[in-house]
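Residue-level structure breakdown
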Amino acid sequence: MRSPLLDLPGAVAADAPDSDVAAHYGDLFAEQRTLAKGEAVVDRSNREVIRISGVDRLKWLNDLTSQKLDTLKPGEWTQTLNLDAQGRVLHHLTLVDDGESVLAHVEPGTAQSLIDYLDRMRFMLRVEVSRADDLAVLSTATEDLLVPRAELAEHLGRPVAGLWAYEALRIEAHRPRLGFETDHKTIPHEVGWIGAAVHLGKGCYRGQETVARVHNLGHPPRRLVFLHLDGSVDTLPPHGAPVIFESQEVGVVGSAARHHELGPIGLAVIKRTVPVDAPLLAGGVAAAQEIVVPPDAGRNVSIDPALRRRLR
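Below: a short report on this structure. (Residues numbered from 1 in each chain as written. Predicted model: local features only at pLDDT ≥ 70, side-chain atom pairs only at ≥ 80, totals over all residues. Heavy atoms only, no water.)

Cis geometry marks the peptide bond from A16 to P17, where omega comes out at 10°. Checked against the element boundaries, P17 lands in the loop between β1 (12-13) and β2 (22-24). Positive phi values are uncommon outside glycine, yet F123 reaches one of about 50°. Here F123 lies in the loop between α3 (111-120) and β8 (128-131). A positive phi is found at H174, a non-glycine position, where the angle reads about 65°. (Helix = DSSP H or I, 4+ residues; strand = E, 2+ residues; numbered from the N terminus.)

With that settled, consider the sheet that holds strand β10 (residues 144-148). Here we have four strands laid out as an open sheet, ordered β10-β9-β3-β11, and mixed in their pairing. What marks the edges here is a single partner per strand, and that holds for β10 and β11 (160-161). Bridge analysis of strand β3 (residues 41-43) against β11 gives two bridges, and the strand direction is parallel. Considered in β11, the bridge of V41 is made with V160. (Pairing = 2+ DSSP bridges.)

It is worth spelling out the pairing of strand β15 (residues 263-271) at this point. Burial analysis of β15 places seven of its nine residues in the buried class, which makes it a mostly covered element. Bridge count for strand β14 (residues 248-259) against β15 is eight bridges, and the pairing is antiparallel. In the strand pairing of β15, A256 is matched with G266. From the end of β14 to the start of β15, which pair antiparallel, there are three residues. (Buried < 20%, exposed > 50% of the residue type's maximum accessible area, 1.4 Å probe, protein only.)

Axis angle and axis distance: for two packed helices, these are the angle between their axes and the distance between the axes, and together they describe the pair. It is at 8 Å that the axes of helix α1 (residues 28-36) and helix α4 (residues 163-172) come closest, and there the two elements cross at 60°. By the criterion of interaxial angle, the relationship of α1 to α4 is oblique. Every pair of crossing elements has a handedness; the one defined by α1 and α4 is right-handed. On the side of α1, the interface is formed by L28, E31, Q32, L35 and A36, while α4 contributes W164, A165, Y166, A168 and L169. Here the residues of the contact of α1 with α4 sort into eight nonpolar, one polar and one charged. (Axes fitted to C-alpha atoms, helices over the stretch in contact; angles between N-to-C directions. Parallel < 35°, antiparallel > 145°, perpendicular 65-115°, else oblique. Left-handed = near helix turned anticlockwise from the far one by under 90°. Contact = heavy atoms within 4.5 Å. Nonpolar A, V, L, I, M, F, W, Y, C, P; charged D, E, K, R; others polar.)

As structure tokens, then:
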């Protein structure tokens, strides 16, 4: 749904998949500074919201997804992942329980496939899954708000910043975004979702075997890095641009933005074996890397040798 905030003076629509909200309202860096100080709100109403109700909802979601949710307290926000049987990321959910329902927001265009999967897994449990198109997402630099969509403009109450400002702060904070820093092969370890969206001590769920195997025995094949991009270049590397080291393609750019203090920055996913101090070319732009996911991620738990042999 096209946001009514796109009718505000100076509003410029973002690119897909965010074209229903504003990239900026005319002053990118001022919006970033205001947002970073906690004085602005960002319209993220293009994100889709689902509602999961019923008395079994938390235990059910706990059994299906990567985060420990059966003890989630009302009003407490968290993240979880829906993985396939090989441990690859299908959906990223940011959610809260309001005491009656779980409300989760997901990337634009991904809600229906998630709902279809959850509906297939209901069996005889007391849960109901539906779209919550009546709700919209607003965000500050540190928290999300769910407000009635029909009252979106009325819930601002503070200056508004565009999505470009939000994305610059997201990149600065090293937070991956589904579909930007992930692809059809991504496992949680590669982009730093262990802990934030994956609980390593909870019970079984689809994809858990891969998560445990990599954590206990191996390393993920790729790793997320933060890029300090050459500020003398006028353009930013686009999503999907190749990352080059010594004339070889070693990864891809996920996101890039112009930061009000750091200059041009980005996130990329590269091969684990690339040296941590190696200079890179990201979409033709010189870049220095900063470690987000270390090359030795995984293999963190000492386990019985007999179990190690069985898991190989």
